[in-house]
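Read off the chains here:
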Amino acid sequence: MYPFIFTKVNDSAGAISAVGTNPHAKFISGGTNILDLMKMNIEKPELLIDINNLDFKKIDVQSNGNILIGALVRNSDLAYNATISKHYPLLSQALLAGASAQLRNMATTAGNLLQRTRCYYFYDTVMPCNKREPGTGCSALTGYNRMHAILGISDKCIATHPSDMCVALAALDTIIHVQNASGKRTIPFADFHLLPGDTPHIDNVLQPGDLITHVEIAALPFANNSTYVKVRDRASYEFALTSAAVALDVSGGTIKAARIALGGVGTKPWRATAAEQFVAGKPANEETYEAAAGLALKDAKGYQYNAFKIELAKRSIISALQNTGG
Amino acid sequence: MAINEQEDLLVSKPSGSTRREFLQQASALGTGLAITSSAKAKGLPVNKINFSTPGNVTVSLVVNGKNKTLDVDPRVTLLDALRENLQLMGTKKGCDRGQCGACTVLVEGRRINSCLHLAAMCEGAHVTTIEGIGGVDNLHPMQTAFLKHDAFQCGYCTPGQICSAIGLLKEGHATTDDEIRESMSGNICRCGAYQNILDAIKEVHSGI
Ligand SMILES: Cc1cc2nc3c(=O)[nH]c(=O)nc-3n(C[C@H](O)[C@H](O)[C@H](O)COP(=O)(O)OP(=O)(O)OC[C@H]3O[C@@H](n4cnc5c(N)ncnc54)[C@H](O)[C@@H]3O)c2cc1C
Ligand code: SF4
Ligand code: FES
Ligand code: FES
């Protein structure tokens, strides 16, 4: 780990003045991703700003029914929150399917959004990697790419976004609240993470100096009928090979509206909008589910070791639709 | 240039050392290299942390009920501070990367991986390690149950397993065998004592 200056701030004004627009400054909240990356000399902040004293630790239901989640709410507290587990089971289940109980006690809402890929070549500093060292090439394209993405890929990077929580957030209408020296702004979740394109080293639209303060989920009454299905190499404490978050509004055997998002397969948390539109108005049955799964994976491209994910992702979607639609 | 900025950062440098000594220490340790001219030194709120040697941080915390003060490089994890600075060797280092659970301790009563937590982040924290859970003369019920059920072989993962199991019971979300297994998945046992660990936890859970 490279040396850095450590400071602890007590409020958002302190955090924002400490960070300024310094591209070499980083916040630390749970620490579960940034410290891992610092130990591997992948993240090399010169100034590390501990924001754990900031007051963003509450989950509030707004008067319009939206839920405002503080950036520092721990993954375990969010998962077990009574409102979340009752009205957004897909989010609760996604969080509990991630990492371990210890890590969930540490990991924060904002940190989870910003966690970096688990591509093994990204972690291996002797290997070329465009995400870690722009312009060096992508070792995964022709390497061992079993865990890699099949949607949203480019010839510069095929790394997945590893978060489970983000798959549930992608299925919901989520807004990220950000603050910096020039003020506050909001970013719709769909615009937050970026496709790799020619710039895989840029994961999201945040700029140096941006502090995430809250994550807001719009009210979605039918989200109480929702589920998260995660498929992985072992039963727990493992990242997704494929996953699906589904919420369904079903009445009299007909699907009125749907939310479908995928994990483990996209270079960013993947909303399957075409599949959602397709199922609306259709009967809640196997035929509909299979056609929807096919549509969701229509543009998928498999590589040498990960082509199995195309079929596995379809089955994950079908399973999640069965769980929610009957 | 870098050094001047660092001096700005370290406004609360030890009262004993002169500016010259301080700069000599800083450059001898090479810590100045960590700061580029882009570091936003001005207005940095450093009041919480006292830099007693260049770059070091002083942290006061409570470990197993005793007040402790650490003077550490900010890179030091809570795990290394416990083992190396406080000589509490009960907490084990397995992977050092959040992947095994050997380093599990309780902070404010919640189980965490001490290898992914900086000592510098522990100002005012209450930390409980296996040494604070119980000893030979005053075993915690979870320790007794681990002994009774032979819930270990080499014992390397055991301090982490016990801290984790105590955290699990306090959280109160896991009751069935499968729920306990899932909730303990963050603690890997290379010897595979899982079934006996489960039995030990169930015994304490049911209060037998
Ligand atoms: C062994 C292991 C297994 C895991 N398994 C899973 C899994 O199965 N599924 C899954 O989804 N995740 C998994 N994770 C990842 C885990 O969920 C993330 O590490 C965690 O969510 C990151 O949150 P944090 O608060 O610890 O972030 P930190 O490490 O503190 O920070 C991460 C990044 O976010 C930035 N940041 C933090 N807070 C803010 C803020 N408020 N504003 C702006 N920037 C901020 C930091 O500067 C840093 O760049 C696993 C991790 C480990 C170590
Ligand atoms: S897939 Fe992306 S992260 Fe992995 S080696 Fe290629 S460029 Fe790097
Ligand atoms: S040493 Fe901390 S989890 Fe392995
Ligand atoms: S007892 Fe040996 S690793 Fe668990």
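Residues numbered from 1 in each chain as written. Chains lettered and ligands numbered in written order. Predicted model: local features only at pLDDT ≥ 70, side-chain atom pairs only at ≥ 80, totals over all residues. Heavy atoms only, no water.

### Examining unusual backbone geometry
Logical step 1: A positive phi angle is found at Tyr237(A), which is not glycine, with a value near 60°.
Logical step 2: Note on placement: Tyr237(A) falls in the loop between strand S9 (226-231) and strand S10 (242-251).
Logical step 3: Non-glycine residue Asp96(B) carries a positive phi angle of around 65°.
Logical step 4: Turning to its location among the elements, Asp96(B) is positioned in the loop between helix H3 (78-85) and strand S3 (104-107). (Helix = DSSP H or I, 4+ residues; strand = E, 2+ residues; numbered from the N terminus.)

### Quick notes on helix H8 (residues 194-206) of chain B
Residue and element names in this part refer to chain B.
Logical step 1: Helix length check: H8 (13 residues) gives 18 Å between terminal C-alpha atoms against 18 Å at 1.5 Å per residue, within 8%.
Logical step 2: Within the sequence span of H8, burial applies to Ile 197, Leu 198, Ala 200, Ile 201 and Glu 203.
Logical step 3: The secondary structure elements touched by the buried residues of H8 are helix H5 (141-148), helix H6 (158-171) and helix H7 (177-183). (Expected span 1.5 Å × (residues − 1). Buried < 20%, exposed > 50% of the residue type's maximum accessible area, 1.4 Å probe, protein only. Contact = heavy atoms within 4.5 Å.)

### Considering the interface of chain B and chain A
Logical step 1: On the chain A side, the residues contacting the 46 residues of chain B number 51 residues.
Logical step 2: Together, the buried faces of chain B and chain A total about 3,800 Å²; carbon and sulfur atoms form 57% of this surface.
Logical step 3: When the buried surface of chain B facing chain A is broken down by residue, Arg75(B), Leu116(B) and Met121(B) rank first, second and third, together holding 18% of it.
Logical step 4: At the boundary of chain B and chain A, one finds 3 salt bridges.
Logical step 5: A salt bridge links Lys39(A) to Asp96(B), with the shortest nitrogen-to-oxygen separation between them at 3.0 Å.
Logical step 6: Our enumeration of links across chain B and chain A arrives at 18 residue pairs in polar contact (both at pLDDT 80 or more). (Buried area = accessible area lost by both parts, 1.4 Å probe. Salt bridge = Lys/Arg side-chain N within 4 Å of Asp/Glu carboxyl O. Polar contact = N/O pair within 3.5 Å; in protein donor to acceptor, adjacent residues only side chain to side chain.)

### Structural notes on the pattern of salt bridges
Logical step 1: This model, assessed by the stated rule, comprises 27 salt bridges over all chains.
Logical step 2: The structure contains a network of salt bridges with shared partners spanning Lys26(A), Glu43(A), Arg116(A), Lys131(A) and Asp203(A).

### Focus: the side chain of Arg104(A)
Logical step 1: Structurally, the position occupied by Arg104(A) is in helix H6 (residues 101-106).
Logical step 2: Although Arg104(A) lies buried, it forms no salt bridge, and the closest oppositely charged side chain, Glu182(B), sits 4.4 Å away as judged by the N-O distance.
Logical step 3: With near-sequence residues (within four places) excluded, Arg104(A) lies in contact with Arg74(A), Asn75(A), Ser76(A), Leu95(A), Leu96(A), Gly98(A), Ala99(A) and Glu182(B). (Lys, Arg positive; Asp, Glu negative; His and termini not counted.)

### Things to note about the site of ligand 2
Logical step 1: The local shell around ligand 2 holds 14 residues, among which Cys119(A), Cys129(A), Cys138(A), Cys157(A) and Ile158(A) are the closest.
Logical step 2: Among the residues making up the shell around ligand 2, the classes are represented as 9 nonpolar, 3 polar and 2 charged. (Near = heavy atom within 4 Å. Nonpolar A, V, L, I, M, F, W, Y, C, P; charged D, E, K, R; others polar.)

### Brief notes about empty space enclosed by the protein
If you roll a probe as big as a water molecule over the atoms, it shows you where there is empty space left.
Residue and element names in this part refer to chain A.
Logical step 1: Within this structure, the stated rule accounts for 4 cavities of 30 Å³ or more.
Logical step 2: The volume enclosed by the largest cavity comes to roughly 120 Å³.
Logical step 3: Lys 131, Thr 160, His 161, Asp 203 and Thr 267 are the residues nearest the centre of the largest cavity, which is lined by 16 residues in total.
Logical step 4: The class makeup of the residues in the lining of the largest cavity is 7 nonpolar, 6 polar and 3 charged. (1 Å grid on protein atoms, 1.4 Å probe; cavity = no way out; pocket = protein on both sides within 12 Å on 5 of 7 lines; lining within 4 Å. Points joined across faces, edges and corners; volume = space filled by probe spheres on them.)

### Thoughts on the confidence of the model for chain B
Logical step 1: Residues with a pLDDT of 70 or more make up 74% of chain B, whose mean pLDDT is 82.
Logical step 2: Across residues 1-52 of chain B the pLDDT falls below 50, and counting only partners more than four positions away or on other chains, this stretch makes 95 contacts in the model. (pLDDT = per-residue confidence, 0-100.)

### What about the site of ligand 1?
Logical step 1: Taken together, 36 residues lie near ligand 1, and Phe27(A), Gly31(A), Thr32(A), Thr108(A) and Asp164(A) sit nearest.
Logical step 2: Near ligand 1, the surrounding residues are drawn from chains A and B.
Logical step 3: Between Gly31(A) and ligand 1, the recorded distance is 2.7 Å, taken from a backbone N or O atom to an oxygen atom.
Logical step 4: Ranked by residues supplied to the shell around ligand 1, first place goes to helix H7 (residues 109-114) of chain A with 4 residues.
Logical step 5: Along the lines of polarity and charge, the residues of the shell around ligand 1 split into 15 nonpolar, 14 polar and 7 charged.

### Observations concerning the domain arrangement of chain B
All names here are of chain B.
Logical step 1: Taken domain by domain, chain B consists of domain 1 (3-132) and domain 2 (134-207).
Logical step 2: At the junction of the two partners, domain 1 supplies 18 residues and domain 2 supplies 18 residues.
Logical step 3: Between domain 1 and domain 2 lies a buried interface of about 1,300 Å² when both sides are counted; carbon and sulfur atoms form 52% of it.
Logical step 4: Summed over the shared surface of domain 1 and domain 2, the number is 1 salt bridge.
Logical step 5: Two residues, Arg 111 and Glu 171, come together in a salt bridge whose shortest N-O distance is 2.8 Å.
Logical step 6: The interface formed by domain 1 and domain 2 includes 8 residue pairs in polar contact (both at pLDDT 80 or more).
Logical step 7: Of all the secondary-structure elements, those providing two or more residues to the side of domain 1 that touches domain 2 are S3 and helix H4 (130-133).
Logical step 8: Among the residues making up the side of domain 1 that touches domain 2, the classes are represented as 5 nonpolar, 8 polar and 5 charged. (Domains from an automatic or database assignment.)

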